[in-house]
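# Fold and contact review
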Amino acid sequence: MIEFSDVGLRYGNGPEILRDLTFKIEPGTFYFLTGPSGAGKTSLLRLLLLSLKPTRGRVTMFGEDVSHLTQDRLLQMRRHIGIVFQEFRLLDHLTTYENVALPLRVLGQAESEYRGNVTELLDWVGLGERMDALPSLLSGGEKQRAAIARAVIARPKVLLADEPTGNVDPDLSSRLVHLFAELNRTLGMTIILATHELPLLDRFSYPRMVLNKGELEIHG
Amino acid sequence: MASLIDRLPLRIPLPNRGAPIVPDRSVAGRTLMLLIAIMTFLSAVTLGGVVLVQKSAISWSAEVGREVTIQIRPVDGEVMESNLRTAVSLAEATPGVASARALSLEESEDLLEPWLGAGLDLSAIEIPRLVAVELSDPVDADIPSLERDLQAIKGASLDTHAAWRQQLNTMAGTIVLSGLLVLALIAVATVLAIIFATRGTMASNREIVDVLHFIGASNGFIAGEFQGRFLAIGLRGGVIGGVAAILFFLLVGTAVGSMVPEAASAQVGIFFGQFVLGLDGIIGIALVVIVIAGLTAITSRMTVRRFLSQTS
């Protein structure tokens, strides 16, 4: 599904942030992406999100070399990838329901088509009672669950999460990772979850992609 | 006015829409709307002025072109009254002439009064006399033939007012061209203002644009979200400016009617046309409103798309 071959990335004329990344991720797998701050986790996620192109090497996603994609094809591929951010990035003027429904609106679906699915998903992540609330009225955990719901509502093949537990307490962190695990198990979604919280990783047995000074090792 | 403005849509309603993705308050709407209202007002007033001058020039030119004047200067040994009668006869015999009339001595004196003052006895001196010739058809009138026939009368000459008409047309053409240039400059200024406002709006909504990109929105979708908002601002501003222009014309028309005496008003009307906004004027202002609103929508869409192609 995702294959990196000798991939390197640098910004402008600066040093290489990522060096010689070579790995393969099969469909339906779950990986933790970890490493110290500044190791390049966010840059690798941006490569996976197709918002950056590698400066060298080859990235293949869903069977296609991404360096030769047209803008339209890139857009279609990006719709197969969901993303969750540490800072949630919900739109403050939209309700929880409207935020979660946004990807389906973007796909051109009418509200009558998606209303049932959005409501069901909000119930599933435990926000059924909060669907009319604005993000400013949600707790950190609720915001992150809304962001996760938004990322998965259009059923992406790959779900990326950039420090999704960074703004919540340890207990809630664990529950959020369980939520990701449930998505992986029930929907077969490929999940790459970036975090630098080692105690959290120890509670789960998923393989780890460890980035250090731009180089990657895979354990487990 | 405020309640009318408030009734205008904040965005153009499209089918199958949920809550607005671009919040209304995030667009620098009120300032841009005011600017578009001012630009629409200026465009409508300039257009009105241009149309007024052009209509008046066409009317003046047609009036003047329908008349030629024979002037007979006093010549020793010639009898003026006899020459006048001959000139009238020659004119009436010319094809395309409707009528010819010699101006009486009193009428000639009246014509000289503005230069020589009233109360002067001109009977002692001989003054040139005029024959007013009205043409039934200015195109087919045989003016060269009349000019040739008048050579038989000593001291007679024909004035077709061609130089005056030429000057009049040149002056009117210059005013019309200047007005069109002003309209073009207003359009350019409007486009520039919309570009700046759109860029500012995009920069302040960068977070929304980024999120939309991350969830797979195309540039066309994002541009559409902003375009509806800007089209509504353009329409609101345009309607306000257009209504203000209509009120301006009504006010000026009323002021001219009440401040200038009736006889003078009639003369002003002859020279400058009437400050009356007819159906064509209202249609013209409506067109200005539509053009400005369209210009706002197109400019903002192009600016948004350029912004997105640079940032995505």
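Quick look at the structure, then. (Residues numbered from 1 in each chain as written. Chains lettered and ligands numbered in written order. Predicted model: local features only at pLDDT ≥ 70, side-chain atom pairs only at ≥ 80, totals over all residues.)

A tally of regular secondary structure across chain A gives seven helices and 10 strands. Out of the 220 residues belonging to chain A, those deemed buried represent 40%. Long-range contacts, defined here as pairs at least 24 residues apart, represent 70% of the contacts in chain A between residues at least 6 apart. (Helix = DSSP H or I, 4+ residues; strand = E, 2+ residues; numbered from the N terminus. Buried ≥ 20, exposed ≤ 12 C-beta atoms within 10 Å, placed from the backbone. Contact = placed C-beta atoms within 7 Å.)

With that out of the way, let us pick up unusual backbone geometry. Residues and elements named next belong to chain A. Its identity as a non-glycine residue notwithstanding, Leu-50 has a phi of 65°, on the positive side. Examined against the element boundaries, Leu-50 turns out to sit in the loop between helix H1 (41-48) and strand E4 (56-61). Looking at Leu-50, the number of C-beta atoms within 10 Å reads 17, which means it is partly exposed.

The interface is formed by 13 residues belonging to chain B together with 16 residues belonging to chain A. Among the elements that take part in the side of chain B that touches chain A, helix H7 (residues 206-214) of chain B stands out by supplying four residues, more than any other. Of the residues assigned to the side of chain B that touches chain A, the class counts are nine nonpolar, four polar and no charged. (Nonpolar A, V, L, I, M, F, W, Y, C, P; charged D, E, K, R; others polar.)

Once that is clear, we can look at the environment of Arg-66 of chain B. Residue and element names in this part refer to chain B. Structurally, Arg-66 is set in the loop between helix H2 (29-65) and strand E1 (67-72). The class of Arg-66 is partly exposed, set by 15 C-beta atoms lying within 10 Å. Setting aside anything within four residues of it in sequence, one finds Arg-66 in contact with Glu-134, Leu-135 and Pro-138.

Right, let's get into the sheet that holds E4 of chain A. The four strands lie next to each other as E2-E1-E4-E5 (chain A), forming an open sheet whose pairing is antiparallel. The open sheet has two free edges, formed respectively by strand E2 (16-25) and strand E5 (64-65) of chain A, since each of these has just one partner strand. (Pairing = 2+ DSSP bridges.)

This part is about the nonpolar core. Grouped together as the largest cluster of nonpolar side chains are 105 residues, with contacts concentrated most on Ala-149, Leu-159, Leu-160 and Leu-193 of chain A. Counting residues per element, this core draws most heavily on H2 of chain B, at 12 residues. Ignoring any residue separated from it by four or fewer positions in sequence, one finds Ala-149 of chain A in contact with Val-100, Leu-121, Leu-122, Val-125 and Leu-127 of chain A. Core analysis: the second largest hydrophobic core is formed by 18 residues, Ile-72, Leu-90, Val-97 and Val-133 of chain B among them. (Core = buried A, V, L, I, M, F, W, Y, C linked by C-beta atoms within 7 Å.)

Residue and element names in this part refer to chain A. Contact geometry for helix H3 (residues 96-106) and helix H5 (residues 140-152): axes closest at 7 Å, N-to-C directions at 25°. It follows from the interaxial angle that H3 and H5 lie roughly parallel. Between H3 and H5 the crossing geometry is right-handed. On H5, the residues touching Thr-96, Asn-99, Val-100, Leu-102 and Pro-103 of H3 are Ala-146, Ala-149 and Arg-150. Split into classes, the residues belonging to the contact of H3 with H5 amount to five nonpolar, two polar and one charged. (Axes fitted to C-alpha atoms, helices over the stretch in contact; angles between N-to-C directions. Parallel < 35°, antiparallel > 145°, perpendicular 65-115°, else oblique. Left-handed = near helix turned anticlockwise from the far one by under 90°.)

All right, on to the packing of H2 of chain B against helix H6 (residues 162-204) of chain B then. Residues and elements named next belong to chain B. For the pair H2 and H6, the least separation of the axes is 9 Å and the interaxial angle reads 170°. Judged by the inter-axis angle, H2 sits roughly antiparallel to H6. Between H2 and H6 lies a crossing of left-handed hand. Residues belonging to the contact of H2 with H6 are distributed by class as follows: 23 nonpolar, nine polar and one charged.

Residue and element names in this part refer to chain A. Taking 1.5 Å as the rise per residue, helix H4 (residues 111-124) with 14 residues should run 20 Å; its terminal C-alpha atoms sit 19 Å apart, in good agreement. Every buried residue belonging to H4 is among Tyr-114, Val-118 and Leu-122, and all of these are buried. The buried residues of H4 occupy an angular sector of 75° when projected down its axis, which confines them to one face. Facing away from the buried side of H4 by over 90 degrees, the exposed positions are Ser-112, Gly-116, Glu-120 and Asp-123. Considering only its buried residues, H4 is in contact with H3 and H5. Immediately downstream of H4, the backbone of Gly-126 shows phi near 85°, a positive value. (Expected span 1.5 Å × (residues − 1). Arc of directions from axis to C-beta.)

With that settled, the discussion passes to the pairing of E4 of chain A. Consecutive side chains along a regular strand alternate between the two faces of the sheet. Residue and element names in this part refer to chain A. Across five bridges, strand E1 (residues 2-10) lies against E4 in antiparallel orientation. The partner of Phe-4 across the bridge, within E4, is Val-59. Strand direction decides the pairing type here: E4 and E5, joined by two bridges, are antiparallel. Each residue of the ladder has a partner; that of Met-61, found in E5, is Glu-64. Where E4 folds back onto E5 in an antiparallel hairpin, the turn is made up of two residues, including Phe-62, whose phi is positive at roughly 50°.

All names here are of chain A. Taken together, six strands build an open sheet; the order of strands is E6-E7-E8-E3-E9-E10 and the sheet is mixed. Each edge of the open sheet is held by one strand with a lone partner, namely strand E6 (81-85) and strand E10 (215-219). Across the sheet, the axes of successive neighbouring strands diverge by a mean angle of 15°, strand direction being ignored. Bridge count for strand E9 (residues 208-212) against E10 is five bridges, and the pairing is antiparallel. When the bridges of E10 are listed, Arg-208 appears paired with His-219. Lying on the sheet, H5 is in contact with E6 and strand E7 (158-162); it crosses E6 at an angle near 170°. Its contacts with the sheet put helix H6 (residues 170-187) on strand E3 (30-34), E7 and strand E8 (190-194), and the angle it makes with E8 is roughly 160°.

The subject of this paragraph is the pairing of E9 of chain A. All names here are of chain A. The alternating pattern of E9 places Met-209 and Leu-211 on a buried face and Arg-208, Val-210 and Asn-212 on a face that is not buried. When E3 meets E9, the two strands line up parallel, connected through three bridges. Its bridge partner being in E9, Thr-34 is matched across the sheet by Val-210. What sits between E9 and E10 in their antiparallel hairpin is a turn of two residues, with Lys-213 showing a positive phi close to 50°.

This is a description of form; function is not addressed.
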